[in-house]
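# Examination of the molecular architecture
What follows is each chain in one-letter form.
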Protein chains: 4
Amino acid sequence: MRVLTSGESHGPFLSFILEGLPAGLRVDVNFVNRELSRRQRGYGRGERMNIESDSVEFVGGLRRGVTLGSPLCGLIRNADHENWKAVMAPHPTGESAENSRATNRELYTPRPGHADLAGSVKYGFVDARNVLERASARETAARVAAGAVCKLLLAEFGIRVYSHVIGIGKVSAGISSEQALACYDAIEESPVRCGDPSAAAEMIKEIETARSEGDSVGGVFEIIATGVPAGLGSYVHFDRRLDAAVAGSVMSVPGVKGVEFGAGFRAASMRGSEVHDEIEPSDTDPRGYRRLSNNAGGIEGGVSNGEPIVVRVAMKPIPTLRKPLRTIDVLTRTSVVAGYERSDVCAVPAASVVCEAMVALELAKALVEKYGGDSIDEMKAHMQCWQVRLPFSREV
Amino acid sequence: MRVLTSGESHGPFLSFILEGLPAGLRVDVNFVNRELSRRQRGYGRGERMNIESDSVEFVGGLRRGVTLGSPLCGLIRNADHENWKAVMAPHPTGESAENSRATNRELYTPRPGHADLAGSVKYGFVDARNVLERASARETAARVAAGAVCKLLLAEFGIRVYSHVIGIGKVSAGISSEQALACYDAIEESPVRCGDPSAAAEMIKEIETARSEGDSVGGVFEIIATGVPAGLGSYVHFDRRLDAAVAGSVMSVPGVKGVEFGAGFRAASMRGSEVHDEIEPSDTDPRGYRRLSNNAGGIEGGVSNGEPIVVRVAMKPIPTLRKPLRTIDVLTRTSVVAGYERSDVCAVPAASVVCEAMVALELAKALVEKYGGDSIDEMKAHMQCWQVRLPFSREV
Amino acid sequence: MRVLTSGESHGPFLSFILEGLPAGLRVDVNFVNRELSRRQRGYGRGERMNIESDSVEFVGGLRRGVTLGSPLCGLIRNADHENWKAVMAPHPTGESAENSRATNRELYTPRPGHADLAGSVKYGFVDARNVLERASARETAARVAAGAVCKLLLAEFGIRVYSHVIGIGKVSAGISSEQALACYDAIEESPVRCGDPSAAAEMIKEIETARSEGDSVGGVFEIIATGVPAGLGSYVHFDRRLDAAVAGSVMSVPGVKGVEFGAGFRAASMRGSEVHDEIEPSDTDPRGYRRLSNNAGGIEGGVSNGEPIVVRVAMKPIPTLRKPLRTIDVLTRTSVVAGYERSDVCAVPAASVVCEAMVALELAKALVEKYGGDSIDEMKAHMQCWQVRLPFSREV
Amino acid sequence: MRVLTSGESHGPFLSFILEGLPAGLRVDVNFVNRELSRRQRGYGRGERMNIESDSVEFVGGLRRGVTLGSPLCGLIRNADHENWKAVMAPHPTGESAENSRATNRELYTPRPGHADLAGSVKYGFVDARNVLERASARETAARVAAGAVCKLLLAEFGIRVYSHVIGIGKVSAGISSEQALACYDAIEESPVRCGDPSAAAEMIKEIETARSEGDSVGGVFEIIATGVPAGLGSYVHFDRRLDAAVAGSVMSVPGVKGVEFGAGFRAASMRGSEVHDEIEPSDTDPRGYRRLSNNAGGIEGGVSNGEPIVVRVAMKPIPTLRKPLRTIDVLTRTSVVAGYERSDVCAVPAASVVCEAMVALELAKALVEKYGGDSIDEMKAHMQCWQVRLPFSREV
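Scope of this entry: the structure provided in the associated data block. Bear in mind the structure is a predicted one, so any value in this text is a computation, not a measurement. (Residues numbered from 1 in each chain as written. Chains lettered and ligands numbered in written order. Predicted model: local features only at pLDDT ≥ 70, side-chain atom pairs only at ≥ 80, totals over all residues. Heavy atoms only, no water.)

### Let's talk about the environment of P92 of chain C
What counts here: The numbering of helices and of strands both runs from the N terminus, where a helix is a DSSP run of H or I of at least 4 residues and a strand a run of E of at least 2. Burial classes follow relative accessibility: with a 1.4 Å probe on protein chains only, a residue under 20% of its type's maximum area counts as buried, one over 50% as exposed, and anything between as partly exposed. The contact criterion used throughout is that any non-hydrogen atoms of two residues lie within 4.5 Å.
Positionally, P92 of chain C belongs in the loop between helix 3 (85-88) and helix 4 (116-123). Its relative accessible area of 49% is what places P92 of chain C among the partly exposed residues. With residues near it in sequence (within four places) discarded, P92 of chain C still touches R64 and G65 of chain A.

### Considerations on the relation of the copies chain B and chain A
One chain copy maps onto the other through a rotation about an axis and a shift parallel to that axis. Our working rule: Overlaid copies result from least-squares superposition on C-alpha atoms, with residues included only where pLDDT is at least 70 in both.
By a simple turn and slide, chain B fits onto chain A: the slide is 0.0 Å along the axis, the RMSD is 0.0 Å, and the turn is 180°. Expressed as a symmetry operation, the mapping of one chain copy onto the other fits a two-fold axis. Using C-alpha coordinates, one finds that chain B approaches the rotation axis most closely at G248 of chain B, a distance of 2.1 Å. Comparing contact sets, 100% of the residues at the interface of chain B also lie at the interface in chain A, consistent with an isologous, same-surface contact.

### Things to note about the side chain of S352 of chain B
Residues and elements named next belong to chain B. Stated formally: Whenever two N or O atoms come within 3.5 Å, that pair is a polar contact, provided that in protein one can donate a hydrogen and the other can accept it, and provided that, for residues adjacent in sequence, both atoms are side-chain atoms.
Mapped onto the elements of the fold, S352 is located in helix 13 (residues 348-371). One polar contact links S352 to S163, side chain to side chain, over a distance of 3.1 Å. Beyond its immediate chain neighbours, meaning those up to four positions away, S352 contacts S163, V165, R193, F221 and I223.

### Concerning the interface of chain B and chain A
The condition that has to hold: Joining two parts hides part of their accessible area as seen by a 1.4 Å probe, and the buried area is that hidden amount summed over both. Definition used for salt bridges: Asp or Glu carboxyl oxygen within 4 Å of a side-chain nitrogen of Lys or Arg. Amino acids outside the nonpolar list (Ala, Val, Leu, Ile, Met, Phe, Trp, Tyr, Cys, Pro) and the charged list (Asp, Glu, Lys, Arg) are all regarded as polar, and Gly is one of them.
Between chain B and chain A, the residue contacts involve 112 residues of the former and 112 residues of the latter. Summing both sides of the interface, chain B and chain A together bury roughly 9,000 Å²; the carbon and sulfur share of this comes to 61%. On the surface where chain B and chain A come into contact, there are 8 salt bridges. On the surface where chain B and chain A come into contact, there are 47 residue pairs in polar contact (both at pLDDT 80 or more). It is helix 4 (residues 116-123) of chain B that provides the largest number of residues to the side of chain B that touches chain A, a total of 7 residues. Across the side of chain B that touches chain A, the residue classes break down as 55 nonpolar, 32 polar and 25 charged.

### Let's talk about the interface of chain A and chain D
At the interface, 26 residues of chain A touch 26 residues of chain D. Each partner contributes to the roughly 2,000 Å² buried at the junction of chain A and chain D, and carbon and sulfur atoms together form 50% of this total. Viewed at the interface, chain D and chain A are joined by 8 salt bridges. When the shortest N-O distance is used, the salt bridge between E378 of chain D and K370 of chain A registers 3.0 Å. For the pair chain A and chain D, the number of links is 9 residue pairs in polar contact (both at pLDDT 80 or more). Those elements that provide at least two residues to the side of chain A that touches chain D are helix 13 (348-371) and helix 14 (376-387) of chain A. Top element by residues in the side of chain A that touches chain D is helix 14 of chain A. It accounts for 6 residues. Looking at the side of chain A that touches chain D residue by residue, the classes come out as 8 nonpolar, 8 polar and 10 charged.

### Regarding helix 6 (residues 140-155) of chain C
Note the following rule: Working rule for helices: expected span equals 1.5 Å times residues minus one.
Spanning 16 residues, helix 6 of chain C covers 22 Å between terminal C-alpha atoms, matching the ideal 22 Å at 1.5 Å per step. In terms of burial, helix 6 of chain C is a largely internal element, 15 of the 16 residues being buried.

### Digging into the relation of the copies chain A and chain D
The two copies are related by a screw motion: chain A maps onto chain D through a turn of 180° and a shift of 0.0 Å along the axis, at an RMSD of 0.0 Å. Comparing interface residues between copies, 100% of those in chain A also sit at the interface in chain D, which points to an isologous, same-surface contact.

### Thoughts on helix 10 (residues 242-251) of chain C
Counting buried positions over the 10 residues of helix 10 of chain C gives 9, a clear majority of the element. Here helix 10 of chain C has its buried residues at L242, D243, A244, V246, A247, G248, S249, V250 and M251 of chain C.

### Observations concerning the sheet that holds strand 9 (residues 219-226) of chain A
Spelled out, the test is: Strands pair, by our definition, only if DSSP identifies at least two bridges between them. Angles run from 0 to 180 degrees between N-to-C directions of axes, and those axes are lines fitted to C-alpha atoms, restricted for helices to the stretch in contact.
The antiparallel open sheet is built from 10 strands, whose spatial order is 8(A)-7(A)-9(A)-15(A)-10(A)-10(B)-15(B)-9(B)-7(B)-8(B). The open sheet has two free edges, formed respectively by strand 8 (171-172) of chain A together with strand 8 (171-172) of chain B, since each of these has just one partner strand. With 3 bridges joining them, strand 10 (residues 256-261) of chain A and strand 10 (residues 256-261) of chain B adopt antiparallel strand pairing. Paired with E260 of chain A across the bridge in strand 10 of chain B is G258 of chain B. The strands that helix 13 of chain B touches are strand 7 (160-168), strand 9 (219-226), strand 10 and strand 15 (309-315) of chain B; relative to strand 7 of chain B, the one it contacts most, it runs at about 145°.

Next up, the structure:
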């Protein structure tokens, strides 16, 4: 399974092509659009989210709502493009020559914390607008749409992907993965995606304080995938490990600076006898055994072990601040303060939805690799015929 | 650049093929062997490290010590294979039929924390020996050898990769990245790779206590890459981000459960105005500017920004314990305690050396992609002719 | 460089995303549209080409006509989709349930020579419409658009890709690669893309005869790439050979059944002393040497050698015939004749344009790999600074 | 499935790592060695084949002759390395400094038809020895060993790969694919792998004449794969077509200049009504239908259609000739004749064995992708459970 995305923040469309989906998957467009809407929500978002109301239009790979096995192409319109045509039209426009640098919204003061400076050096740009339009987190809408389709695929096999926020700024919620799943409706309703109501109230205050000071806040959230069968990923080669794939994909989300599985960094200070998840026989578990804990976060030796996959993610604060950060003007080489582009104060709840999509994408890839995957029916047949023969399944 | 590794823990050889190296790189075999030796050291290692004294033999891709541009193949002999021939000979032996399960060292009690159970389910094995021989961390010797060659490549361009341990068990060292580089000789001499002598002494005690209790400990270490030019990796597509690549590769090292860049998880509770690394003009820096901090850990928007790359890694305790963990016997479905295979009590210093190799591998890949890379001379010519023309270089 | 395409023959759009283009490439949309138009021309096309007048709309990766280094997304509208909405709408429509198999244009009689049968077995379809909509050669319009952008990239480095037809049905043209380049304007004007006027007239007759008999014809054409520098591709690993990449890409064009380089199959019956392209010193060639022939077709040992790359391609006749072919009805298992969908009689001239695009794509990939390629300016700087230092260049 | 090979012609070893093999495959080392021996045979080989008697030693991925699912590593010793240690030792030797260019066997006269010149330009070499050691066809021994393992995998699913020679120099054999399979034992015995005894005698004469004149000859051979299930490869994306993959891999074999499937180039001059393989119901075929011909060579629309896959391959004559070819001395820029390195007069029978291996590799990849493929047992279960449910199988 391969995916490519395209699109600039103020260009006409975001788009993606997802290649390698099995045939016969019913794609509920409303579900995909709800996922896009989940990404747009969350306390602390800026004005852009009032302009955009994202929805996907599929233009390839789907026949009357069902996948054909051929590459899926989806488009998401940027409503704001109407206001940016002079600056960001893909096709050259006659008027462009007349434009001053100001009307072109060129940017010579790279903003710390963004790709502006490093990206300009890489591609040889002077105008960092050329960088920030693609480096913008707006691009993640395309990933969420592609990930939503992967979620539909996973759901056919009983796999579901959730997320909840466990920290914003200095506020932490005391809520476990199990508790989060138990109150997931409340999490979906929470403006900060947090299942601990008093912590959620504090988080909102944290965001408000930051906003009033022209500052921004980051946070920590957790992605949980349930129903994942044992045996996805592999220990046989380092680049086939499921944890490596998931960590890489999650780290690729703008603003993410840390990723951990299960007990994660906490495991580093625990004893081996406390960390590892003991196994005991079970009469009720269809596998014939059960785990007494899940400190591994569902992955041992790079392979899913049948327990929920639990990934915790640290997001840095949004780097676009009203409060000025020092930078240079690349033309004059003088010291200036970074410009302010309309931005969020806190995008942690949105980022948790984006990371759900990335985890879904990696799990879908691994599932298709494990079970073949030319069609949903074939995948199901493969999975069923084999599971009954597994050495550890009770039927044998 | 592509790499494949092969080899089981008690098979005859570990091996790797590294494809895509530029021609004309002088490979000092002694350097590679010293890297292998660094991986074998560290307080808390088990007996296996007394048996093995790893060294590489290159059998392809090298002519009198210089790369040809063709794939590099290296072999590392497992001295212990002599004792395991009956069990782990790749070619079938006449005697095998006679062997009992015991003399075959078959394993029916999957050890919690290892790939044993998940791997057996994946590949349909009953005998987890088939899993653990490859899932063993011994495999990382091949990565260290390949990574050592990448370090030699990076060194041609002034890039160096370091590591130091900042926590073992409950002991943390108070030492910054800058301090670590300043006392790197002492770190290389330290049995726990820690630059804070009093913390190092405590770490050794922590390991000794764990050993005496039949337990194990994990820890936290830091990888630092200096001299990395701005512009490696890219923000243009999520799977081209340098942080994604490094995070995935580091997470693929056995025992690693968490990865963070720069301020990492700590950044999640900081304000935007505290986190982002301000820029100011500089008369002394050849780029004409400098950063006032490095909370980004050298990567912004998925692109190296010219500051040192700083990755912090959490390693869980070794899962093989003398202190018994509960598991099942997969044949009888009864509750048993996991068997003990000779093992380390603490492998944190070794893992830090392995992660150096993984970071070196990813940086080498990104460098070759950026500068072409058919030969060292061509890479240097490309880099030099371009850097003088960069918009942000002072010559312009 | 990576490319994904999407789109069904009667769906709303064909689309592609091309990732890995350097920044700073000026993309002339008119050029791309002319390439699309070249694909639609050619004697022997069917009615569909009267319905469609392909043009591309770029929706990502381009700012006012210049590449940003970010993924390029292009859309090509299928005008015919208006007539097929009930059958091929990607999003489900309310009316679909009422539709009979006939109004859905379902196909139970797999057509010999198409993917219908093999594709249905692969994806578990009964209705081969699900196959043929994607397996249709209409998909190649997306490739031609992506390839046109690659041609613009190549043109920056003096590389050009041409094609001409040398056989249709039983008619062969006696025209060499050199002659073809010399009369290329005439080839562009020729309805069969043939530079030999009398052969061209015979070819048209061949097509007319086939049409009148309800039959179809194939042919042979040649792709020529000039200005290709020595050193693209590599002999160091089999999957890095330029001939392997080009052969695979050309063979992926619908209808292509044979590919050869230079003397190709003819070389198999020649002596070594006749085939290999001798080298002699030259005062006029900037390289200081020249070749006395080009039987290798510009590639030796999988590496471009600086001579024109010459690829000859065999295309089978279009498999959709008015003249009936025997097949089965997959529902009734009875013998029937294959249905006729509107089709071309001869698509050889169109296929030659498609293969130009595939060759351009592979050359662009190889060029970017060789010279780095974050921006056009950087690529040019790299190429220039290095070429003067080559051991075989005269300056040394 | 991924494979990397390494090794120079006169280095110590050829090696390969094959990643992605299912577990539980019994690897008969004698079979692999017989395949290596088949590659070494054939009328027209040079002296090197008297020096080498290739055999593989597996050093990873295998436990007592059965695959573990982990990467397979194989080594093939170059006996001739003993005579080349001063020149081609991978590790630097003390004596090297003393060596003159002559004793180092450096080559300044690039041989037409080899990678010598293009490769030297690519990698910046003056001494073409650095090129030719890797560009040598000796490297294909590693491919044959890897391909032999793939053949064993394919055999588990009833798939077999054959080859026979149909032309050498100006001699052509009149033998169809079916006839070749019927007399395959004789082909295996034939010194030119030709099933037509009188043609074989002529071919030997052709080789002898060429040898006596210091010249060389090429030829044409055919690869046939039987038992390939319908549904390997895919039409949904151009780089997933089975014909594209096979054509690319076959074209990557040294000396190959042309590839065609089924009727191939001949199809270009046939009518559609003659070419396409009609289908009719069948009571005896388990699929319920049969084909009346196989002009497609077993692949329609890039997907295997269940008929034998038939690939025809053109090989140019060996470029190393006793009869001198003109070239330049790259140091003096004067005209010289190319040097002669010990070589074959005709390697067509050997190349046909190498191409068998490449076809086997591609089929194994496609099979593993289609059926999952963590273990042989699982692959078989997947295949069986699904085939009974196919829409076109008779049970439904």
